[in-house]
Amino acid sequence: MEPVDYMRKALELAKLALGYTTPNPAVGCVIVKDGEIVGTGYHRQAGTPHAEVWALREAGDKAKGATVYVTLEPCAHYGRTPPCARTLVEKGVGKVVIAMLDPNPLVAGKGAAILRQAGIPVEIGLLSKEAAQLNEVFIKNMMVQKPFIAVKIAQSLDGCIASRTGKSQWITNQWARNYGHYLRSIYDGILVGINTVKLDNPLLTCRIRREAHDEPHQPVRIIMDSQGHIPLNSLVLTDKTSPTIVVTTSLCPVEKMRELKNMGVTVLLAPLNKDRHIDLPAALDLLYKQGLQSILVEGGSKIQGTFFDHKLVDKIYAFIGDKVIGGEQALSSVGGHGVDSLDECLPLSYDSVELHDGNILITAYNTNREGAYVHWHH
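Residues numbered from 1 in each chain as written. Predicted model: local features only at pLDDT ≥ 70, side-chain atom pairs only at ≥ 80, totals over all residues. Heavy atoms only, no water.

S.K.: What am I meant to see in the overall build of the protein chain here?
M.R.: Looking only at helices and strands, the protein chain has twelve helices and 16 strands in total. What you see for the protein chain is a C-alpha radius of gyration of 23 Å, in line with the 21 Å of a compact globule of 378 residues. Expressed along its principal axes, the backbone C-alpha trace of the protein chain runs to roughly 65 × 45 × 40 Å. Considering only contacts within the protein chain whose residues lie at least 6 apart along the sequence, 70% involve residues at least 24 apart. Summing over all exposed atoms, the protein chain offers an accessible surface of approximately 17,900 Å²; the carbon and sulfur share of this is 52%. Averaging the positions of the 39 positive and the 39 negative side-chain charges in the protein chain gives two centres separated by 5 Å. (Helix = DSSP H or I, 4+ residues; strand = E, 2+ residues; numbered from the N terminus. Rg over C-alpha atoms; globule rule 2.2 N^0.38 Å. Contact = heavy atoms within 4.5 Å. Areas by Shrake-Rupley, 256 points an atom, 1.4 Å probe, with all protein chains shown as cover. Lys, Arg positive; Asp, Glu negative; His and termini not counted. Charge placed at Lys NZ, Arg CZ, Asp CG, Glu CD.)

S.K.: When you look at the nonpolar core in this model, what are you seeing that I'm missing?
M.R.: General note: in soluble globular proteins, nonpolar side chains tend to be found buried as a group. Counting 60 residues, the largest nonpolar core has Ile31, Val96, Leu183, Tyr187 and Tyr317 as its most contacted members. The leading source of residues in this core is helix H1 (residues 3-16), at seven residues. Residues Ile245, Ala283, Leu292 and Val313 belong to the second largest nonpolar core, which totals 30 residues. (Core = buried A, V, L, I, M, F, W, Y, C linked by side-chain atoms within 4.5 Å. Buried < 20%, exposed > 50% of the residue type's maximum accessible area, 1.4 Å probe, protein only.)

S.K.: Sorry if this is basic, but what is going on with helix H2 (residues 51-59) here?
M.R.: Buried residues of H2: Ala51, Glu52, Ala55, Leu56 and Ala59, and no others. Projected down its long axis, H2 shows its buried positions confined to an angular sector of 120°, all on one face. Trailing H2 by a residue or two, glycine 60 shows a phi angle of about 55°, which is positive. (Arc of directions from axis to C-beta.)

S.K.: What should I look at first to understand the layout of surface pockets in this one?
M.R.: To locate leftover empty space, one rolls a probe as large as a water molecule over the atoms. Approximately 830 Å³ is the volume found for the second largest pocket. Composition of the lining of the second largest pocket by domain shows at least three residues from each of domain 1 (3-137) and domain 2 (146-374). (1 Å grid on protein atoms, 1.4 Å probe; cavity = no way out; pocket = protein on both sides within 12 Å on 5 of 7 lines; lining within 4 Å. Points joined across faces, edges and corners; volume = space filled by probe spheres on them. Domains from an automatic or database assignment.)

S.K.: Honestly, the UniProt feature "binding site: NADP(+)" (unreviewed entry) in the protein chain in this entry has me stumped. Any pointers?
M.R.: Per the UniProt record, "binding site: NADP(+)" (unreviewed entry) is found at Ala154, Trp170, Thr196, Asp200 and Ser226. For the residues just named, distributed over 73 residues, the greatest C-alpha separation reaches 29.2 Å, placing them at more than one site. Among the structural elements, threonine 196 can be located in helix H8 (residues 194-200). If sequence neighbours within four positions are ignored, threonine 196 has contacts with Asn201, Pro202, Gly299 and Gly300. Mapped onto the secondary structure, serine 226 falls in the loop between strand E9 (220-224) and helix H9 (235-238). (UniProt positions renumbered as here; feature names shortened; annotations may be inferred.)

Below, the structure is given as structure tokens:
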């Protein structure tokens, strides 16, 4: 196996923990001695040992003189655990290969410096693009202290999410729906508008179990409801699988806020913008302060449109079914105000296109998104 293969394995290990490690990054580690993997590990959740610690435990005495592949620079500070960079020095490893430096500008390079000061050769940058993509949420949080916003769209080939009579089941297939559940399992929060709750009464829970986990990671449910119209018998309120946050404004009756709080719902009061709607950037700041570092925006058309109108989208998952719905009255997947001229469109960078059982998934990024990792080397 080549160095790149070992790093790829470390990235695969890290991916197992996506969604479970907030507020920490997902990190994987592989220790190799004489061409043989002697230890592997990944960070499972905040407050548990870091990836390097698990891998070193497994390697035991074989760690001495071994090469360590790790997806993120080993930490250099004393948190709940001693710094991994010092632990690697104590175990006498021979070399450390790091995919990317810590994105926190206050920390970047310090872990690598500890290793180099101890005489351990350090290489930085192997599969750095893949490592940065794996931790794009953590990187944005570190760089700009804002939540990472992913938008999920499930539409017909002609961009509709419902026919003119309001029918929407099912535009996409089982594979796409399962993938949607996977996405729910990797983001901290799932966000919909009040119309989706009233029309569909969804549960908004994750219903798939992922490899290496007993329980699905449940995202916090976030409902945008500026006037407090949410019915008290909505499943997102009565079902207690995961916490629910209702984001509302001063237009919501005080009595309704009290009823929601009595049901154990977190009510966040966001300011109104000039159109008397929720001030979206302010609402996202409130959610970030609640510990939501990433949010999956699921619907409906109006909410999607608002996020695009405000240019607050970082990533798009567009599922395209094998149907053309047609009709001038059909509901388009992205509502809102839209652009007047095409040079106002969000600039997109397509990342991947996949075809599964006759459905397509296009993954794309906002080219101008805030808090993207810039490759720097030391």
